[in-house]
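Residue strings, one per chain:
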Amino acid sequence: MDDPALDVPLALRDLIGSEVLSDFLRTFHDMFGVGVRIDGPDGATFSEACEQEEICGFVNTTPGGRAACVATVRTTRERSLSRGAPGAVPCFTAGRYRLGEVQYDGHVLGRVVIGPYLAPDRTGAPQTLFEADPRIDTVRALPLLLRMPRLKEASAERLVDHLLHILEGLLFAGHRALLASQMQIASSRESYRELSEKSRQLTAAFERLQELDRLKSNFLATVSHELRTPLTSILGYTEMLREGLAGALNSEQKEYVSTIHTKGEQLLGLITGILDLAKIDSASVSIDRSWVDVRALCHDVARSFEPHARKGDLSIAVAVPRDLPRLWTDLERLRQILVNLVDNAVKFTPPGGAMTIGARIEASPSDDDIGLVLTAPVQSRIVLSVADTGIGIAQDCADRIFDAFYQVDSSSTRRFGGAGLGLSIVRRLVELLGGRITVQSQPGEGSVFEASLPLEEPEGESRA
Ligand code: ADP
């Protein structure tokens, strides 16, 4: 993966935790009794485990001894370890330090230093001790010097090699973990980038679709309005012709004019439907709420359909309890909902069938609290229903009948008129009034449409 996060220069502190390293060095010190230090490439101490040797403390009390000591430590930090350079640094006390280069994957990450240690055969104080500062009392210094840990040079060299070997293993494990976490970060960044880009594209597409939808609704509203005006005139004139206001018509002429009138009315119904839908979609429909007597409205709608029902040999009944509370809603929108549903019931019920307009009160937990049924506040609703014993709707079509222009029978030879707009208008109106519409149906047995509307109490308005 090509990511800058994977291309950072390696450093000790990135590959190995300081606690792990200091534990490891402490164990090394406890096992071999000799001090150990790891420096970074800049010479600064990265980690160490050592105790000051008594001889070191002693020589440090004199200025010359202190200066010689500092010079030795500086040499252990700065001595070049390139091929062929000696890996040991002698100290003026006769102690020695052994150095080794910490390398990983071709990079120099620092150096290990072990010491000071004394050759096993050393018995006397060296001349260099006195040379560093004549005030150093070599008689007092000798027993302190001889307490320094003893190590053969070859053993010190092997110890440094082992140390470097183990360090390499620790660095490898650390590097693997570092790469894994960096790859994870890089892939999360990549996924985030992709998701952000997709989300940006979706937002842009959504805004574009919203704009197109708005333009479509405006276009439909304008066109429908412009079509309605001349069509109303055509209907007016055919009515006048039919009534003989322009002279008597023979029976054939009367039949033609009647056909023009009927088709014109169908066209007007379609245009009105499109106009209604466009208005609702462009949110230019206003809701005018008042207290509505739902029972009276159901009887009113049933009465207005009685002539139609009689013509189709259908019975129409109303089933609404007398004590149904009034509903704070838009009377005309509610009437439009009922009229559309009853109109369909009349249309899709064969002669001899029955229709019932009903309303009932129902208490259910509010939609927001589904899942908390026991504790959710109970919300009352009025459920309006229109049931028929008509042709019914197949299950796989039931969800789609609320889509604009959808008709179960869309063939050119279909028996029933209409443009497939009624139910889409009904659904939008019910939702506009804060409710939900559903349908239960069995092909050949009939359908029940139910619009459930919240029985909410408006602020400052009294039901009584
Ligand atoms: P339209 O009645 O103009 O076709 P609607 O949107 O009112 O359009 O209805 C869509 C379709 O749903 C209808 O064409 C019909 O197939 C089906 N439908 C609606 N109401 C009923 C009903 N009461 N019984 C059977 N089918 C129905």
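Just so you know, these numbers come straight off a predicted model, no measurement behind them.

Visitor: Kindly report on the overall build of the protein, identifying the contributing residues and their values.
Guide: A tally of regular secondary structure across the protein gives 12 helices and 12 strands. The C-alpha atoms of the protein give a radius of gyration of 48 Å, which is well past the 23 Å a tight globule of 464 residues would have. Dimensions of the protein, computed from the C-alpha atoms along their principal axes, are close to 150 × 50 × 45 Å. Looking at the 464 residues of the protein, the share that counts as buried comes to 37%. Of the contacts made within the protein by residues no fewer than 6 positions apart, 69% connect residues no fewer than 24 positions apart. Summed over its atoms, the accessible surface of the protein is roughly 27,000 Å², and 54% of this surface lies on carbon and sulfur atoms. Looking at charge distribution, the protein has the averaged site of its 50 positive side-chain charges lying 3 Å from that of its 63 negative ones.

Visitor: Lay out the packing of aromatic side chains with the relevant residues and their values.
Guide: Counting across every chain of the model gives three aromatic pairs. Ring geometry for F402 and F449: centres 6.3 Å apart, planes at 75°, overall edge-to-face. In this pair, F402 sits in the loop between α11 (395-398) and α12 (422-432) while F449 sits in strand β12 (residues 446-454), placing the two residues 47 residues apart along the sequence. Both residues of the pair, F402 and F449, count as buried.

Visitor: How would you sum up a nonpolar patch on the surface? Please name residues and give values.
Guide: Taken together, the side chains of L209, L212 and L215 define a hydrophobic patch exposed on the protein surface, amounting to about 270 Å² of accessible area. Take L209: it is sitting in helix α7 (residues 153-242). Residue classification places L209 among the exposed positions, given a relative accessible area of 55%.

Visitor: Lay out the site of the ligand in plain terms, naming residues and giving numbers.
Guide: Around the ligand sit 19 residues in total, of which N344, K347, D388, Q407 and L423 are the nearest. In the environment of the ligand, an oxygen atom lies 3.1 Å from a nitrogen or oxygen atom belonging to the backbone of V408. In the model, an oxygen atom of the ligand is placed 3.3 Å from a nitrogen or oxygen of the G422 main chain. Relative to its free-state accessible area of 530 Å², the ligand is covered by the protein chains to the extent of 95%. Residue assignment for the shell around the ligand shows that the elements contributing at least two residues are α10 (331-347), α12 and β12.

Visitor: Give a detailed account of the side chain of D388, specifying residues and quantitative values.
Guide: Turning to its location among the elements, D388 is positioned in strand β10 (residues 378-388). Although D388 lies buried, it forms no salt bridge, and the closest oppositely charged side chain, K347, sits 11 Å away as judged by the N-O distance. Separated by 2.9 Å, the side chain of D388 and the backbone nitrogen of G390 make a polar contact. If we skip the residues at most four places from it in the chain, D388 touches A345, T349, A354, M355, E445, G446 and S447.

Visitor: Describe the packing of helix α2 (residues 18-32) against α7, listing the residues and the values that go with them.
Guide: Between α2 and α7, the least distance of the axes is 12 Å, while the angle of their chain directions is 155°. With respect to their mutual orientation, α2 and α7 come out roughly antiparallel. Here α2 runs over α7; the crossing is right-handed. The residues of α7 that touch α2, namely those facing L21, F24, F28 and F32, are L159, L163, I166, L167 and L170. Broken down by class, the residue content of the contact of α2 with α7 amounts to nine nonpolar, no polar and no charged.

Visitor: For the environment of K279, give the residues involved together with the corresponding values.
Guide: Here K279 is to be found in helix α8 (residues 251-281). Between the C-alpha atom of K279 and that of G124, which follows or precedes it by 155 residues, the distance is 110 Å. Beyond its immediate sequence surroundings of up to four residues, K279 is in contact with S284 and V285.

Visitor: Outline the domain arrangement of the protein, listing residues and values.
Guide: Taken domain by domain, the protein comprises domain 1 (2-151), domain 2 (197-279) and domain 3 (290-454). For domain 1 versus domain 2, the distance between C-alpha centres works out to 98 Å.

Visitor: Got a sec to walk through the side chain of N60? Specific residues and values, please.
Guide: Here N60 lies in the loop between α3 (54-59) and α4 (63-78). At a separation of 3.0 Å, a polar atom in the side chain of N60 contacts the main-chain carbonyl oxygen of C56. If near-sequence neighbours (up to four positions away) are discounted, N60 is found in contact with Q52, R66 and C69.

Visitor: Before we move on, can you summarise the sheet that holds strand β5 (residues 107-117) with the specific residues and values?
Guide: Spatial strand order, β2-β1-β5-β4-β3: five strands in an open sheet with antiparallel pairing. The open sheet is flanked by β2 (45-49) and β3 (88-90), the only strands paired with a single partner. Across the sheet, the mean angle separating the axes of adjacent strands is 20° when strand polarity is ignored. Sheet strands in contact with α2 are β1 (36-39), β2 and β5, and its direction is about 40° off that of β2. Against the sheet, α7 touches β1, β3, β4 (96-104) and β5, its axis set at about 25° to β4.

Visitor: Let's hear about the confidence of the model for the protein: which residues, and what values?
Guide: Per-residue pLDDT for the protein has a mean of 89; in total, 91% of the residues score no lower than 70. Here helix α1 (residues 12-15) is the element of the protein with the lowest mean pLDDT, 86, and strand β7 (residues 315-319) is the one with the highest, 97.

Visitor: Which residues make up the pairing of β5, and what values do they have?
Guide: Most of β5 is tucked away: nine of the 11 residues are buried. Of the pairings in the sheet, the one linking β1 to β5 comprises four bridges and is antiparallel in character. Looking at β5, one finds that I38 is bridged to V112. Alignment of β4 against β5, held across eight bridges, turns out to be antiparallel. Paired with Y104 across the strands is H107, a residue of β5. Connecting β4 to the antiparallel partner β5 that follows it, the hairpin turn spans two residues, and D105 within it adopts a positive phi of roughly 55°.

So, how was this worked out
- Residues numbered from 1 in each chain as written.
- Predicted model: local features only at pLDDT ≥ 70, side-chain atom pairs only at ≥ 80, totals over all residues.
- Heavy atoms only, no water.
- Helix = DSSP H or I, 4+ residues; strand = E, 2+ residues; numbered from the N terminus.
- Rg over C-alpha atoms; globule rule 2.2 N^0.38 Å.
- Buried < 20%, exposed > 50% of the residue type's maximum accessible area, 1.4 Å probe, protein only.
- Contact = heavy atoms within 4.5 Å.
- Areas by Shrake-Rupley, 256 points an atom, 1.4 Å probe, with all protein chains shown as cover.
- Lys, Arg positive; Asp, Glu negative; His and termini not counted.
- Charge placed at Lys NZ, Arg CZ, Asp CG, Glu CD.
- Phe/Tyr/Trp six-rings, centres within 6.5 Å; stacked < 30°, edge-to-face > 60°.
- Patch = residues over 30% accessible without salt bridge, like charges linked within 9 Å, V, L, I, M, F, W, Y side chains within 5 Å.
- Salt bridge = Lys/Arg side-chain N within 4 Å of Asp/Glu carboxyl O.
- Near = heavy atom within 4 Å.
- Polar contact = N/O pair within 3.5 Å; in protein donor to acceptor, adjacent residues only side chain to side chain.
- Axes fitted to C-alpha atoms, helices over the stretch in contact; angles between N-to-C directions.
- Parallel < 35°, antiparallel > 145°, perpendicular 65-115°, else oblique.
- Left-handed = near helix turned anticlockwise from the far one by under 90°.
- Nonpolar A, V, L, I, M, F, W, Y, C, P; charged D, E, K, R; others polar.
- Domains from an automatic or database assignment.
- Pairing = 2+ DSSP bridges.
- pLDDT = per-residue confidence, 0-100.

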